[in-house]
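For reference, the chains in residue letters:
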Amino acid sequence: MLIVNIGQLVTPLGEAARGGEAMRRLEVLEDAYIKITRGRIVSVGPMAELRGRLREEVYDARRGLVLPGFVDPHTHAVFAGTREDEFLARCLGEPYGKGILTTMKRVRAASEEELFASARRFLGEMLRRGTTTVEVKSGYGLDTESELKLLRVIRRLGRELPQEVVPTFLGAHAVPDGVKKGEYIEEIITRMIPEVRRRKLAEFCDVFCEEGFFGRTESREILRAAQGAGLRLKIHAEELSNTRGAELAAELGAVSADHLLHISPHGIRKMKEAGVVAVLLPGTAFTLGEPFAPAREMIDAGLPVALGTDFNPGTCLIHSMPHVISLAVMKMRMTAEEAITAATLNAAAAVGRAHETGTLEEGKRADLVVFDYENYRQLPYFLGHDPDRVRAVLCRGRWAYENPHPCRDGDARPHGHG
Ligand code: NIG
Ligand code: FE
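Residues numbered from 1 in each chain as written. Chains lettered and ligands numbered in written order. Predicted model: local features only at pLDDT ≥ 70, side-chain atom pairs only at ≥ 80, totals over all residues. Heavy atoms only, no water.

Undergrad: Residues and numbers for the overall build of the protein chain, please.
TA: A count of helices and strands for the protein chain gives 14 helices and 16 strands. Projecting the C-alpha coordinates of the protein chain onto the three principal axes gives extents of approximately 70 × 45 × 45 Å. The burial tally for the protein chain puts 60% of its 418 residues in the buried class. Long-range pairs, those at least 24 residues apart, make up 73% of the contacts in the protein chain between residues at least 6 apart in sequence. When the accessible area of the protein chain is evaluated, it comes to approximately 17000 Å², of which 48% is carbon and sulfur surface. Here the protein chain contributes 56 positively and 58 negatively charged side chains, and the mean placements of these two sets differ by 3 Å. (Helix = DSSP H or I, 4+ residues; strand = E, 2+ residues; numbered from the N terminus. Buried < 20%, exposed > 50% of the residue type's maximum accessible area, 1.4 Å probe, protein only. Contact = heavy atoms within 4.5 Å. Areas by Shrake-Rupley, 256 points an atom, 1.4 Å probe, with all protein chains shown as cover. Lys, Arg positive; Asp, Glu negative; His and termini not counted. Charge placed at Lys NZ, Arg CZ, Asp CG, Glu CD.)

Undergrad: Any chance you could break down the pairing of strand β2 (residues 27-37) for me, citing the residues and the numbers?
TA: Sheet topology places strand β1 (residues 2-11) next to β2; seven bridges connect them, and they run antiparallel. When the bridges of β2 are listed, L2 appears paired with K35. As paired elements, β2 and strand β3 (residues 40-46) share six bridges and run antiparallel to each other. Within the sheet, the bridge partner assigned to K35 lies in β3 and is S43. Hairpin geometry of β2 and β3 is characterised by an intervening segment of two residues between the two adjacent antiparallel strands and by a positive phi of about 45° at R38. (Pairing = 2+ DSSP bridges.)

Undergrad: Could you give an account of the environment of E114, naming the residues involved and the relevant values?
TA: The topology assignment puts E114 in helix α3 (residues 112-127). Taking the C-alpha atoms as reference, E114 lies 7.9 Å from A80; in sequence the two are 34 residues apart. Engagement of the side chain of E114 in a polar contact is seen with the backbone nitrogen of S111, the distance being 2.8 Å. (Polar contact = N/O pair within 3.5 Å; in protein donor to acceptor, adjacent residues only side chain to side chain.)

Undergrad: Provide a residue-level description of the nonpolar core, including the pertinent values.
TA: Counting 106 residues, the largest nonpolar core has L260, L280, M298, L307 and M334 as its most contacted members. Ranked by residue count, the leading element in this core is α3, at seven residues. When residues of this core are assigned to domains, at least three map to each of domain 1 (2-69 + 357-402) and domain 2 (70-350). With near-sequence residues (within four places) excluded, L280 lies in contact with H259, L260, A293, A295, M298, V305, A306, L307, G308 and M332. Within the second largest apolar cluster, 18 residues are counted, among which are A32, I34, I41 and A366. (Core = buried A, V, L, I, M, F, W, Y, C linked by side-chain atoms within 4.5 Å. Domains from an automatic or database assignment.)

Undergrad: I'd like to hear about empty space enclosed by the protein, residue by residue, with values.
TA: Inspection of every chain in the model, using the stated rule, returns two cavities of 30 Å³ or more. Taken together, 14 residues form the lining of the largest cavity, with H76, Y96, H173, N312 and T315 sitting closest to its centre. Of the voids in this model, the second largest cavity is the one considered here, and its volume is about 60 Å³. Partitioned by chemical class, the residues of the lining of the second largest cavity number six nonpolar, two polar and three charged. (1 Å grid on protein atoms, 1.4 Å probe; cavity = no way out; pocket = protein on both sides within 12 Å on 5 of 7 lines; lining within 4 Å. Points joined across faces, edges and corners; volume = space filled by probe spheres on them. Nonpolar A, V, L, I, M, F, W, Y, C, P; charged D, E, K, R; others polar.)

Undergrad: Please provide a residue-by-residue account of the site of ligand 1, values included.
TA: Looking at ligand 1, there are 14 residues lining it, with R83, Y96, Y140, E239 and T315 nearest. Measuring from an oxygen atom of ligand 1, one finds a side-chain N or O atom of H236 at 3.2 Å. In the environment of ligand 1, an oxygen atom lies 2.9 Å from a nitrogen or oxygen atom belonging to the side chain of D310. For ligand 1, whose accessible area on its own is 330 Å², the fraction buried by protein is 100%. Judged by its atoms lying within 2 Å of the grid points, ligand 1 is housed in the largest cavity. The class makeup of the residues in the shell around ligand 1 is four nonpolar, seven polar and three charged. (Near = heavy atom within 4 Å. Sits in = over half its atoms within 2 Å of the grid points.)

Undergrad: Residues and numbers for the packing of helix α5 (residues 181-198) against helix α6 (residues 216-228), please.
TA: Their axes nearest at 10 Å, the elements α5 and α6 cross at an angle of 15°. When the axis of α5 is compared with that of α6, the two are roughly parallel. Here α5 runs over α6; the crossing is right-handed. The segment α5 lies against α6, with K181, I185, I188, I189, I193 and R197 engaging E218, E221, I222, A225, A226 and G228. (Axes fitted to C-alpha atoms, helices over the stretch in contact; angles between N-to-C directions. Parallel < 35°, antiparallel > 145°, perpendicular 65-115°, else oblique. Left-handed = near helix turned anticlockwise from the far one by under 90°.)

Undergrad: Explain the coordination of the iron ion (ligand 2) to me, using residue names and the numbers behind them.
TA: The iron ion (ligand 2) binds to the protein through H74 (NE2), H76 (NE2), H236 (NE2) and D310 (OD), with metal-donor distances spanning 2.1 to 2.2 Å. Read N to C, the donor residues that coordinate the iron ion (ligand 2) are spaced as H-x1-H-x159-H-x73-D. Placement of H236 in strand β10 (residues 232-237) and of D310 in the loop between β13 (305-307) and α11 (321-331) is noted, with a sequence separation of 74 residues between them. The class of H236 is buried, set by a relative accessible area of 2%. (Donors = N, O, S within 2.8 Å, 3.2 Å for Na, K, Ca; no water.)

Undergrad: Before we move on, can you summarise unusual backbone geometry with the specific residues and values?
TA: At N5, a residue that is not glycine, the phi angle is positive and equals roughly 55°. Its location among the elements puts N5 in strand β1. A positive phi angle is found at H385, which is not glycine, with a value near 45°. Among the secondary structure elements, H385 is positioned in the loop between α14 (378-381) and β15 (390-395).

Below is the structure:
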């Protein structure tokens, strides 16, 4: 397949996370084409070089903007029920509390089919906003049976939906009421992790490392057990306070540490030395009314920063990567170029996929978005993000979404005058 008449094709380059100044280096091609064969990118170049060889299926991008498909490296998208009452009370000043257990009760009562239907809808909404790879965590089951149920739903999402789904086990998300923490950790280590491994249900293990949830020592114990079982590591670190979770991520060689609102300069240094990707989730800081993570300090220190949504029923209902890019630019002083690298290549690195996706280069999987924008700097700028600005989304070289109502000049003309 050939995609022709691309107004602007924009992509970072490479197969590894970019830090520091390299985050601002994007390849920008005006008037470009991209050629795809068997789900892979074969070549990218200027239209002028294409003359005379238009033999395959051709898609006309009509001067639109083409970017790599977004990678959302952090979501809790499989859940049951909603928590609008908690949200509205928090907006009036209530603190963040035990909402995870509210969702846990609903998840335990839900069938696998119900959980699948709910998550399929959310992942469809993400796809229509340009997300072509998405990490999804368990963590609302909180007993062996229910955690495995969530992970089976996550596996099915990956099998049945066009996006790639990266599964993460987050048994250590909270301790259920009436269960002693020590016993729960014992269950995670002796029952959940071995079952997850035996059934190959997750690629990553994550822990909510936070005062009142799992402390640093407890998190270390759980993550070491997971590592021993062959899982790669992620940590929810410094979300509500500083518990030196960033340092723990560095110590254990985690692939990413996520949130990092309260990270210290020491934590930044340790993560940089250990090659841990910082996954920032500005939708959560925005929703909770918390200070945003110090993205500028991290990038200036050379630490690779990625962006994700954290989509979950409690602390962030934003599941749009374009919206997250706008927040990153507005609230964390990231440049448009840095935010795009963070939402594509660096996010792919945060889920171990930088060799596969996240850039538009020969050999990579053909995951891309066609936007109705004139240039990439309009992406953070149009912060209302009309979903109809997404014209089409390609996953693995196939059209996973084609907008039946793409905006065009003249769409707003009253009927009868056009
Ligand atoms: O990333 N921090 C822990 N987990 C989610 C919130 C989950 C919930 O409240 O349901 C988060 O913010
Ligand atoms: Fe989270």
